[in-house]
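Each chain, letter by letter, is given below.
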Amino acid sequence: MLNFFVNKEDKINKKPFEFFDIFIYVFILVLFVFLLLFLIILPKKDKINGFYVVKDDKKILTYSFKDNEFLIDDSWKNYIEINKDDCIINVFLNDEKTEFNVIQYDLNKKSVKMKDSTCSISKDCTYFSPITTNNNVIYCNPHNIKILPIEGNGLIQPVVG
């Protein structure tokens, strides 16, 4: 009802953007940029200290970049072969060594990735990004193998699958 009492001159003289409107738009833009910087760009991404390999929810291998040391579960010693010169770990899943996963680690970049696998035709696990920070994981679903980072002094185990 109030619109009926507004002068036609007031409607004509009104600017499309008042100072307060521009202030609100600039404030929202600055807030958006700040949130973008705070949530995406500025967080420190910690390098991993090492990684461990899990098969059927059992830790079968642990590697520490700091100590350059491998710990292999006793029941898997015949199924894991390590080539320290090429930074390659072969994890065999049968006695004939026809089913396997090939894991490659990089000492300089402190990273680990799945290089090859016989898990399926598409070998999806080889397309995972290398693990370089504490929030990455590699999962080979057909073989039920996970590669997880070591965080600080403890281990993290994200829920996967």
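Residues numbered from 1 in each chain as written. Predicted model: local features only at pLDDT ≥ 70, side-chain atom pairs only at ≥ 80, totals over all residues. Heavy atoms only, no water.

Novice: Which residues make up the overall build of the chain, and what values go with them?
Specialist: If you tally the helices and strands in the chain, you get 2 helices and 10 strands. Beginning at the N terminus, the succession of helices and strands in the chain can be written as α-α-β-β-β-β-β-β-β-β-β-β. In the chain, buried positions account for 30% of the 161 residues. Long-range contacts, defined here as pairs at least 24 residues apart, represent 34% of the contacts in the chain between residues at least 6 apart. Summed over its atoms, the accessible surface of the chain is roughly 11500 Å², and 58% of this surface lies on carbon and sulfur atoms. (Helix = DSSP H or I, 4+ residues; strand = E, 2+ residues; numbered from the N terminus. Buried < 20%, exposed > 50% of the residue type's maximum accessible area, 1.4 Å probe, protein only. Contact = heavy atoms within 4.5 Å. Areas by Shrake-Rupley, 256 points an atom, 1.4 Å probe, with all protein chains shown as cover.)

Novice: Pulling in residues and values, what's your account of a positive patch on the surface?
Specialist: A grouping of Lys 47, Lys 109, Lys 110, Lys 113 and Lys 115 is seen on the molecular surface, where their side chains present a positively charged patch. When you line up the elements, Lys 115 lands in strand S7 (residues 111-117). Residue class for Lys 115 comes out partly exposed when judged on its relative accessible area of 46%. (Patch = residues over 30% accessible without salt bridge, like charges linked within 9 Å, V, L, I, M, F, W, Y side chains within 5 Å. Salt bridge = Lys/Arg side-chain N within 4 Å of Asp/Glu carboxyl O. Lys, Arg positive; Asp, Glu negative; His and termini not counted. Charge placed at Lys NZ, Arg CZ, Asp CG, Glu CD.)

Novice: Outline the environment of Asn 136, listing residues and values.
Specialist: Positionally, Asn 136 belongs in the loop between S7 and strand S8 (138-140). Asn 136 sits 12 residues away from Leu 148 along the chain, and the two C-alpha atoms are 7.2 Å apart.

Novice: Any details on the sheet that holds strand S6 (residues 100-106)? Residues and values, ideally.
Specialist: An order of S4-S5-S6-S7 is seen for the 4 strands of this open sheet, with the pairing classed as antiparallel. The strands lining the two open edges of the sheet, one partner per strand, are strand S4 (80-83) and S7. Taking each pair of neighbouring strands and ignoring which way they run, the sheet shows an average axis angle of 20°. Relative to S7, S6 is paired through 6 bridges, and the arrangement is antiparallel. The residue of S7 that forms the bridge with Asp 106 is Ser 111. (Pairing = 2+ DSSP bridges. Axes fitted to C-alpha atoms, helices over the stretch in contact; angles between N-to-C directions.)

Novice: Give a description of unusual backbone geometry that names residues and reports values.
Specialist: One non-glycine residue, Asn 68, lies in positive phi territory at about 50°. Mapped onto the elements, Asn 68 comes out in the loop between strand S2 (58-64) and strand S3 (69-72). By relative accessible area, which is 37% here, Asn 68 ends up partly exposed.

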